[in-house]
Amino acid sequence: MPAKRNQKQRRRQIRAQNELIRWCKRKGSPCQHGDSRAVKTMRRSTPYPCLPEDIWHHIHSQMPMRDAARAACLSRTFLQSWRSHPNLILNKDTIGLNASACGGNFSRKVDHIMRNHSGIGVKIFRLEYLGVVGFDASRYLDSWLQVVVKPGIEELTLVLCKTKREYNFPCSLLSDGIQNSIRYLRLDWCALRPTAELGPLQSLTSLRLRSVSIRGEELQCLLSNSPALEQLRISSCTEIVCLKIPCSLQKLSNLTVIGCDSLKVLENKAPNLSSFFVSGCSNLRILENKTPNLSSFFCRGVGAKLSLGETLKMKKLGMGRANAVHYARAELPSIMPNLETLNIRSGPEAVNTPVLPTKFLYLKHLSISLIAVSTLSPSYDYFSLVQQRSMEHESVFAKSSGLRQIPENRHDSLKTVKISGFCSAKSLVELTCYILKNVVSLESLTLDTIHGDCRCYLKTSPFCNHIEEDILMEAPRALSAIRRYIEKIVPTTVKLTVLEPCSRCHAKGLQRISC
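Throughout, residues of each chain are indexed from 1 in the direction in which the sequence is written. Totals for whole chains, interfaces and linings use all residues, but because this is a predicted model, local features are given only for residues with pLDDT of at least 70 and pairs of side-chain atoms are given and counted only at 80 or more. Side-chain measures were taken over the full set of non-hydrogen atoms in the model, leaving aside hydrogen atoms and water.

(A) Fine view of the overall build of the protein. Strands are runs of DSSP state E lasting at least two residues, helices are runs of H or I lasting at least four, and both sets are numbered from the N terminus onward. Looking only at helices and strands, the protein has twelve helices and 20 strands in total. Every one of the 515 residues in the protein was classed for burial, and the buried ones make up 47%. Restricting to contacts in the protein with at least 6 residues of sequence separation, those with at least 24 account for 56%. Every accessible area reported is derived by Shrake-Rupley at a probe size of 1.4 Å, with residue values counting cover from the shown protein chains alone. Accessible surface for the protein amounts to roughly 25,700 Å². Of this, 51% is attributable to carbon and sulfur atoms. Relative accessibility thresholds used throughout: buried, under 20% of the residue-type maximum; exposed, over 50%; partly exposed, between the two (1.4 Å probe, protein chains only). Working rule for contacts: check all heavy atoms of both residues, and any pair within 4.5 Å makes them a contact.

Now the structure itself:
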């Protein structure tokens, strides 16, 4: 009996080692990079290599979690390695749950894994609850975190969801010996209450908070203890009223604030910020930036009074607000002369865009979306990419004089232009012709007769996305305008792309016109 048991165990060990060998030889495996002792030995050995245990443990640690778990089921040697696996990525896919799995099954499986893990050597811990119904993290998380959050951990991710009992993340874990190792922290749907006693997180470079209950002064306390922070992303944190980014964050380069509805004041003093993104903070009234090196800024869906400080180095700008086109043309060329990318999303435009002698000398990419329902004057002269619900402007096919000859003015840097919601409005056709004749560096022009969010991407589907009747009726006229006025003047160096509705939607538009 002992001999048979040993033979069985030996066969299981050979199967596990062969599985590891197959994985290591797979294209894209980390073992393919370099010429390690393990790979050299594998290439020489048949049917399996005899390697030191630490080599097998290293290879095992490089495998995806599900592959590593399968190998651990086949051998006691790898089971021991599994108990100190450095990367624990726990979601319904990695632990083998189907789409309809309930929270009880998820928590039992994760709890089994955590109870059998030694907690030694964990570098990455990700718990991603997305898509699991009925999981209450508060019953288990404290014990799980006690196992893995130890000195040496580099990444901690908790993606939870909204529950009746909000999980209160234990801040004591952040000051319990991990200050010098933790590099990445992401928390979703929990409460975080750091205090002045929180120790410095010397290695933290990336912080992401989503739907986290944390006040502005508590977040500032956390930031003041994170001197190495490079990236900060805050979204849907509704308790923050005032957010001040301290000047001590010398390495902060990327700041993103999204959907913080209670935020009224946002002040940045980080001296080396290069990318600044603010969106969906409707109550934001004061946005002040004191960074001289800011090169990329995007602001949308805010009622802010902007103070961007020195903007001469700004190269990428995005904004969404009423009269944004008018503001961009009238103000930006003088205060941001080095812009290379400009992305504007505007609500109603009260006045036509002014024609001024100043221009963007270095602009390469321009995207202007003008959201026009009924507030855009039918006499508005297009200087934008258009998203409109109906064709209210004078059509190029109407009985009137020909196209206007706008004075020529060379543009030497602009390379790509896209017009979304292209229609047969006369001034829009005139603008497109002007672009083709005067933008000498143009490489690509895209004319989309509807807008991307309405497009039927799945051509094999029997159903179409809902597109309003006015848009469907205008699309054939837009295509006719392109063929008659635009295609014939496209230079050979310019790639023209025309996007139209799918064949079924196009047929509907023609049918409604004929009716």
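(B) Here's a closer look at the pairing of strand S2 (residues 124-128). One ladder, built from four bridges, connects strand S1 (residues 87-90) with S2; its direction is parallel. Bridge pairing links Leu88 to Phe125 in S2. Here S2 runs beside strand S3 (residues 155-159); their pairing, made up of five bridges, is parallel. Note on S3: the bridge partner recorded for Ile124 is Glu155. Only strands joined by at least two bridges in the DSSP assignment are considered to pair.

(C) Molecular detail of the nonpolar core. Among buried residues, the Ala, Val, Leu, Ile, Met, Phe, Trp, Tyr and Cys ones that are joined through side-chain atoms within 4.5 Å form a nonpolar core. Ranked by size, the top nonpolar core spans 106 residues in total, and within it Phe125, Leu127 and Phe169 carry the most contacts. Per element, the largest residue contribution to this core is six residues, and it comes from helix H10 (residues 426-438). Apart from the residues within four sequence positions on either side, Phe169 is in contact with Leu145, Leu156, Leu158, Leu174, Leu187, Cys190, Ala191 and Leu192.

(D) Representation of the sheet that holds strand S7 (residues 242-245) within the structure. Taken together, the four strands give an open sheet; going across it, the order is S7-S9-S11-S13, and neighbouring strands pair in parallel fashion. Every other strand in the sheet has two partners, leaving S7 and strand S13 (305-307) as the edge strands with one partner each. The sheet shows a mean angle of 5° between the axes of neighbouring strands, direction not considered. Sheet analysis places strand S9 (residues 265-268) next to strand S11 (residues 286-289), joined by four bridges and oriented parallel. Paired with Asn268 across the bridge in S11 is Asn289. Axis lines are fitted through C-alpha atoms, for helices just across the contact stretch, and the angle between N-to-C directions can take any value from 0 to 180 degrees.

(E) Representation of unusual backbone geometry. Phi angles above zero are rare outside glycine, and Trp189 is one such case at about 60°. Given a relative accessible area of 28%, Trp189 falls into the partly exposed group.

(F) The packing of aromatic side chains, seen in detail. Here the aromatic set is Phe, Tyr and Trp, taking the six-membered ring for Trp, and pairing holds for ring centres within 6.5 Å; pairs whose planes are under 30 degrees apart are stacked, those over 60 apart are edge-to-face, and all others are tilted. Tallied over the full model, the rule gives three aromatic pairs. For the pair Tyr140 and Trp144, a centre-to-centre distance of 5.3 Å together with 20° between the ring planes defines the contact as stacked. As far as the burial class goes, Tyr140 and Trp144 line up, both buried.

(G) Main features of the pattern of salt bridges. When a carboxyl oxygen of Asp or Glu is within 4 Å of a side-chain nitrogen of Lys or Arg, the pair counts as a salt bridge. Evaluated as defined, the whole model comprises eleven salt bridges. With a shortest N-O distance of 4.0 Å, Glu154 and Lys123 are connected by a salt bridge. A residue pair is termed long-range when its members are at least 10 positions apart, and Glu154 in the loop between helix H7 (141-148) and S3 and Lys123 in the loop between helix H6 (103-115) and S2 qualify at 31 residues. In this structure Glu154 comes out as partly exposed when scored by relative accessible area, which is 31%. Note on Lys123: relative accessible area 39%, which makes it partly exposed. Note that Glu218 and Arg193 form a salt bridge whose closest N and O atoms lie 2.9 Å from each other. You can see Glu218 sitting in helix H8 (residues 216-224) and its partner Arg193 sitting in the loop between strand S4 (184-191) and strand S5 (206-213), a full 25 residues away along the chain. Given the relative accessible area of 9%, Glu218 is considered buried.

(H) Main features of H10. Given a rise of 1.5 Å per residue, 13 residues ought to cover 18 Å, and the 18 Å separating the end C-alpha atoms of H10 matches this to within 8%. Counting buried residues in H10 gives twelve out of 13 residues, a clear majority hidden from the surface. Expected span, for any helix, means 1.5 Å times one less than how many residues it has.

(I) Here's a closer look at helix H9 (residues 324-335). Taken together, the buried positions of H9 are Ala324, Val325, Ala328, Arg329, Leu332 and Pro333. Along the long axis of H9, the arc covered by the buried residues comes to 130°, so they all point the same way. The reported arc concerns the directions from the helix axis to the C-beta atoms and nothing else.

(J) Here's a closer look at the environment of Arg115. Checked against the element boundaries, Arg115 lands in helix H6. Owing to a relative accessible area of 67%, Arg115 belongs among the exposed residues under this scheme. The spacing of Arg115 and Val147 is 32 residues in sequence and 8.5 Å in space, taken between C-alpha atoms.

(K) Here's a closer look at the pairing of S7. Taking every second residue as pointing to the same face, the buried face of S7 carries Leu243 and Ile245, while none of Cys242 and Lys244 on the other face is buried. In this sheet, S9 lies alongside S7 in parallel orientation, the contact comprising four bridges. Note on S9: the bridge partner recorded for Lys244 is Glu267.

(L) Geometry of the confidence of the model for the protein. The share of residues in the protein with pLDDT of 70 or more is 64%, and the mean pLDDT across the chain is 75. The predictor's confidence in any single residue is recorded as pLDDT, a number from 0 to 100. Counted against residues more than four places away or in other chains, residues 29-48, with its pLDDT under 50, gives 32 contacts. Note that pLDDT drops below 50 for residues 383-391; the model gives that stretch 47 contacts with residues more than four away or on any other chain.

(M) Representation of the side chain of Ser206 in the model. On the secondary structure map, Ser206 appears in strand S5. If we skip the residues at most four places from it in the chain, Ser206 touches Arg183, Tyr184, Leu185, Leu229 and Gln231.

(N) How the structure looks around the side chain of Asp111. Note on placement: Asp111 falls in helix H6. Reaching out from Asp111, the side chain makes a polar contact with the side chain of Trp144 at a distance of 2.9 Å. Those residues in contact with Asp111 that sit more than four places away from it in its chain are Tyr140 and Trp144. Pairs of N or O atoms are called polar contacts if they sit within 3.5 Å, as long as, within protein, a hydrogen donor faces a hydrogen acceptor (for residues adjacent in sequence, only side-chain-to-side-chain pairs).

(O) Highlighting the environment of Asn272. By the secondary structure assignment, Asn272 is in the loop between S9 and strand S10 (275-279). Residue class for Asn272 comes out partly exposed when judged on its relative accessible area of 36%. Taking C-alpha positions, Asn272 is 9.6 Å from Glu230, a pair spaced 42 residues apart along the chain. A polar atom in the side chain of Asn272 sits 2.7 Å from the backbone oxygen of Gln250.

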